[in-house]
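Tertiary structure, described
These are the residues of each chain, in order.
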There are 2 protein chains.
Amino acid sequence: MHSAEREKLILESVNQRGFISFQDLERHIEASPATIRRDLERMMTAGLLTRVRGGAKRIESKNAKRRSPDTGHHLTGVPFEENVNLHPREKQAIGRAAAKLVSAGEAVMIDGGSTTLQMCQHIRGLNLQALTNSLRIVSALLQQPGTRVLVPAGQVFPEQHIILAASSDDGMQRFHAPKLFMSAAAVGAAGLMQADIILVAAERRLIDRADKIIVLLDSSKFDGPSGHIVCGLDEIDILVTDQGVSPRHAQMVQDAGVKLIVAPV
Amino acid sequence: MHSAEREKLILESVNQRGFISFQDLERHIEASPATIRRDLERMMTAGLLTRVRGGAKRIESKNAKRRSPDTGHHLTGVPFEENVNLHPREKQAIGRAAAKLVSAGEAVMIDGGSTTLQMCQHIRGLNLQALTNSLRIVSALLQQPGTRVLVPAGQVFPEQHIILAASSDDGMQRFHAPKLFMSAAAVGAAGLMQADIILVAAERRLIDRADKIIVLLDSSKFDGPSGHIVCGLDEIDILVTDQGVSPRHAQMVQDAGVKLIVAPV
DNA sequence: GCGCCCGTGATCGACTTTGATTGAATTGGC
DNA sequence: GCCAATTCAATCAAAGTCGATCACGGGCGC
């Protein structure tokens, strides 16, 4: 078995399952442990995967967490990793429903979040022009030929792999899109809320550049923890959520003039 | 067996299985190893397959080249994947040497490239503020607590995962760093060269924002293929290369007033 | 026929990759 | 906090791979 073959096998396993243990690799690949180790090391320095003890991880899932008070500001809120696996089925359903709102060839903005990430796999082949501040969404979209990916300028925050501009100049002043897809930490009668004030500023900028605001929010976020208000309910055009939403909450958003889409799980 | 016959067999195997080992070819084709080698070499230069050690690989230039006139401009030049493993030892040595030029706590710009990527692992713990246009470098730096990562605005190009601004506004006009680390496709008496004109524009912007220009270039890039000139030799402050550099080339850059650092492999 | 040339086969030295071994480092259980 | 098990990194000999070079042989025009 040659290095090119092994590399292909490893990359498939890693990208498909997110993590592959060293023992699994040893079992499925005809090569000595030393060789597999060397493969992993080489692929890591090539930026194809992340090496962790006992195996290898997909490149996009990083280890950042509250380890560094030294990079200045750190976002408050639930770290991305913990968030993705929270209501996976609901988020997938919401993502699928939201993707149906996109027309082929148009420009969209996709704000970072575990729910908005889910919609990315469903917009393949639409030849979109997508502006996003999430590096995870960039990764997902870059694999789609035909999708043009744009990012704003700013600092990359390790917790969520999100780009946030410190100043108001994010290099995208002249960008405008018919639709903005965004998520939030919570929603209530006061409007959409985020845990971190810097996020709010960034999302306000996106809102100003969009005609239609489409919010993706799983039902557990209704009456969630309060925070800084991103925008009022009346600014939202469409809210996509899952079946778990209570009639009371549904009524609340609809009373505010929001079109409510309930995605079947 | 004639060359046309062999070519057909080889191409079938490669395209069907993605990879074919040299030994397999030797077994299935009635010809001497030398002949098969020559076939492979010829087919590689014809662009029919990719030659790798121990066999041949299906050509898969990701989503580059033919498949997507749809995402607009595509960068010319060697795709990143093929480039990383080209002179790995030299690039690592250069990266290590270049990292020594960085002082703790300062701001640096790191232009995308397989050589500049190598220096990232050596600047851990220096609490840098790093502006880069390469998403691979972002990935590498984000794993380091203490390193603050900034990116400019622009479109993400899938071949090399690089952010390039279409307009001159990349949201980083007010950024300035004492040092810029960059690479190039080639260097000659005319100066530093890149294969793609858009890259040149982006790198010019970086150059304008830096006090000192530090170029990382493995020795194979001297007198390489010509292209668009990024900057003259006289604009370069330091050039880091490996031991493979010829005395003639070393003299050339030194005559231009460039400080030459030769990294031990 | 004669020489020429192109494709082929064979050999050799340099280099790269691989696998086994060792000791150090890390992890998890008690 | 300590110990056992696992995992890792470094080293070295062996095998494999590569490119260069030269010899062989049949087709071709002269």
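Worth saying up front: this structure is predicted, and the values here are computed from it rather than measured. (Residues numbered from 1 in each chain as written. Chains lettered and ligands numbered in written order. Predicted model: local features only at pLDDT ≥ 70, side-chain atom pairs only at ≥ 80, totals over all residues.)

This brings us to the overall build of chain A. Looking only at helices and strands, chain A features nine helices and 15 strands. A separation threshold of at least 6 residues defines the contact pool for chain A, and within that pool the share at least 24 residues apart is 60%. (Helix = DSSP H or I, 4+ residues; strand = E, 2+ residues; numbered from the N terminus. Contact = placed C-beta atoms within 7 Å.)

The full set close to DNA strand C counts 15 residues, and A:S32, A:A34, A:T35, B:S32 and B:T35 are the nearest of them. Elements that contribute at least two residues to the surface near DNA strand C include exactly helix 3 (33-45) of chain A together with helix 3 (33-45) of chain B. Sort the elements by how many residues they give to the surface near DNA strand C and helix 3 of chain A lands first, with three residues. Here the residues of the surface near DNA strand C are counted per class, giving four nonpolar, eight polar and three charged. (Near = placed C-beta within 6 Å. Nonpolar A, V, L, I, M, F, W, Y, C, P; charged D, E, K, R; others polar.)

This part takes up the interface of chain A and chain B. Listed as interface residues are 38 residues of chain A and, on the opposing side, 44 residues of chain B. Every element with two or more residues in the side of chain A that touches chain B is listed here: helix 1 (3-17), helix 7 (135-142), strand 6 (148-151) and strand 7 (154-157) of chain A. Across the side of chain A that touches chain B, the residue classes tally to 18 nonpolar, twelve polar and eight charged.

So, on to the pairing of strand 5 (residues 129-132) of chain A. Residue and element names in this part refer to chain A. Two elements, strand 4 (residues 107-110) and strand 5, share four bridges in a ladder whose sense is parallel. Looking across to strand 5, one finds that A107 is bridged to Q129. Traced from strand 4 through helix 6 (residues 114-120) to strand 5, the parallel crossover comes out right-handed. Once the chain exits strand 5 it traverses helix 7 before rejoining the sheet at strand 6, and the crossover so formed is right-handed. (Pairing = 2+ DSSP bridges. Right-handed = clockwise from strand over helix to strand, strands pointing away.)

Below, the discussion takes up the nonpolar core. A:F181, A:A184, A:V215, B:F181, B:A184 and B:V215 are the most contacted members of the largest nonpolar core, which has 117 residues in total. Sort the elements by how many residues they give to this core and helix 7 (residues 135-142) of chain B lands first, with six residues. In this view, A:V215 contacts A:M182, A:S183, A:A184, A:L192, A:I236 and A:L239; residues no more than four positions away in its chain are not counted. Counting eleven residues, the second largest nonpolar core, distinct from the first, contains A:A4, B:F19, B:L49 and B:A56. (Core = buried A, V, L, I, M, F, W, Y, C linked by C-beta atoms within 7 Å. Buried ≥ 20, exposed ≤ 12 C-beta atoms within 10 Å, placed from the backbone.)

For the rest of this paragraph, the subject is the environment of B:S183. Residues and elements named next belong to chain B. Of note, S183 is situated in the loop between strand 9 (177-182) and strand 10 (186-188). Under the C-beta neighbour-count criterion, S183 is labelled buried, with 27 such atoms within 10 Å. For the pair S183 and V240, spaced 57 residues apart in the sequence, the C-alpha separation amounts to 9.7 Å. Beyond its immediate sequence surroundings of up to four residues, S183 is in contact with D111, G113, T115, T116, V215, L216 and L217.

Here we come to the protein's contact with DNA strand D. Around DNA strand D, the structure places A:F22, A:Q23, A:A34, A:R37, A:R53, A:G54, B:F22, B:Q23, B:A34, B:R37, B:R53 and B:G54. Put simply, the parts of the chain that give the surface near DNA strand D at least two residues each are helix 2 (22-28) and helix 3 of chain A together with helix 2 (22-28) and helix 3 of chain B. Here the residues of the surface near DNA strand D sort into four nonpolar, four polar and four charged.

Following the sequence through the fold, A:L135 ends up in helix 7. Assessed through the 24 C-beta atoms surrounding it within 10 Å, A:L135 is described here as buried. In this structure the C-alpha to C-alpha distance between A:L135 and A:F157, which are 22 residues apart in sequence, comes to 9.9 Å. Apart from the residues lying within four places of it in its own chain, the contact partners of A:L135 are A:V156, A:H161, B:L135 and B:V138.

In this section: helix 7 of chain A. Within helix 7 of chain A, seven of the eight residues are buried, which leaves it mostly tucked inside the rest of the structure. Where helix 7 of chain A is concerned, the buried positions are A:L135, A:R136, A:I137, A:V138, A:S139, A:A140 and A:L141.

Turning our attention to unusual backbone geometry. Negative phi characterises most residues that are not glycine, and trans characterises most peptide bonds. Phi at A:H161 takes a positive value of approximately 55°, unusual for a residue other than glycine. Tracing the backbone through its elements, the reader meets A:H161 in the loop between strand 7 and strand 8 (162-164). Here A:H161 falls in the buried class, since 23 other C-beta atoms lie within 10 Å of it. The phi dihedral of B:N127 is positive, around 55°, even though this residue is not glycine. Within the element layout of this structure, B:N127 appears in the loop between helix 6 (114-120) and strand 5 (129-132).

To summarise the sheet geometry, strands pair through backbone hydrogen bonds and adopt either a parallel or an antiparallel arrangement. Residues and elements named next belong to chain B. Here three strands make up an open sheet; going across it, the order is 10-11-13 and the pairing antiparallel. The strands lining the two open edges of the sheet, one partner per strand, are strand 10 and strand 13 (228-231). Going from strand to strand, the sheet's axes swing by 40° on average, the running direction of each strand aside. Sheet analysis places strand 11 (residues 191-194) next to strand 13, joined by three bridges and oriented antiparallel. In the strand pairing of strand 13, M193 is matched with I229. (Axes fitted to C-alpha atoms, helices over the stretch in contact; angles between N-to-C directions.)

Quick look at the sheet that holds strand 15 (residues 259-263) of chain A now. Spatially, 15(A)-14(A)-12(A)-9(A)-4(A)-5(A)-6(A)-7(B)-8(B) is the arrangement adopted by the nine strands of the open sheet, whose pairing is mixed. Both edges of this open sheet fall to strand 15 of chain A together with strand 8 (162-164) of chain B, since each of them pairs with a single strand only. This sheet shows a mean twist of 25° between the axes of neighbouring strands, independent of strand direction.

Right, let's get into the pairing of strand 15 of chain A. Residues and elements named next belong to chain A. In the sheet, strand 14 (residues 238-242) pairs with strand 15 via five bridges, with the strands oriented parallel. Counted as the bridge partner of T241 is V262 from strand 15. In terms of handedness, the path from strand 14 via helix 9 (residues 247-255) over to strand 15 forms a crossover that is right-handed.

Take the confidence of the model for chain A next. Chain-level pLDDT for chain A is 87 on average; 90% of the residues reach the 70-or-more range. This stretch, residues 61-70 of chain A, has a pLDDT under 50; its non-local contacts, to residues over four places away or in other chains, come to 19 contacts. (pLDDT = per-residue confidence, 0-100.)

On to the environment of A:I213, then. Residues and elements named next belong to chain A. Structurally, I213 can be placed in strand 12 (residues 210-216). You can call I213 buried: it has 22 C-beta atoms within 10 Å. Along the backbone, I213 and V258 are 45 residues apart, and their C-alpha atoms lie at a distance of 9.9 Å. Dropping the residues within four chain positions of it, I213 is found in contact with L180, I207, E235, I236 and D237.

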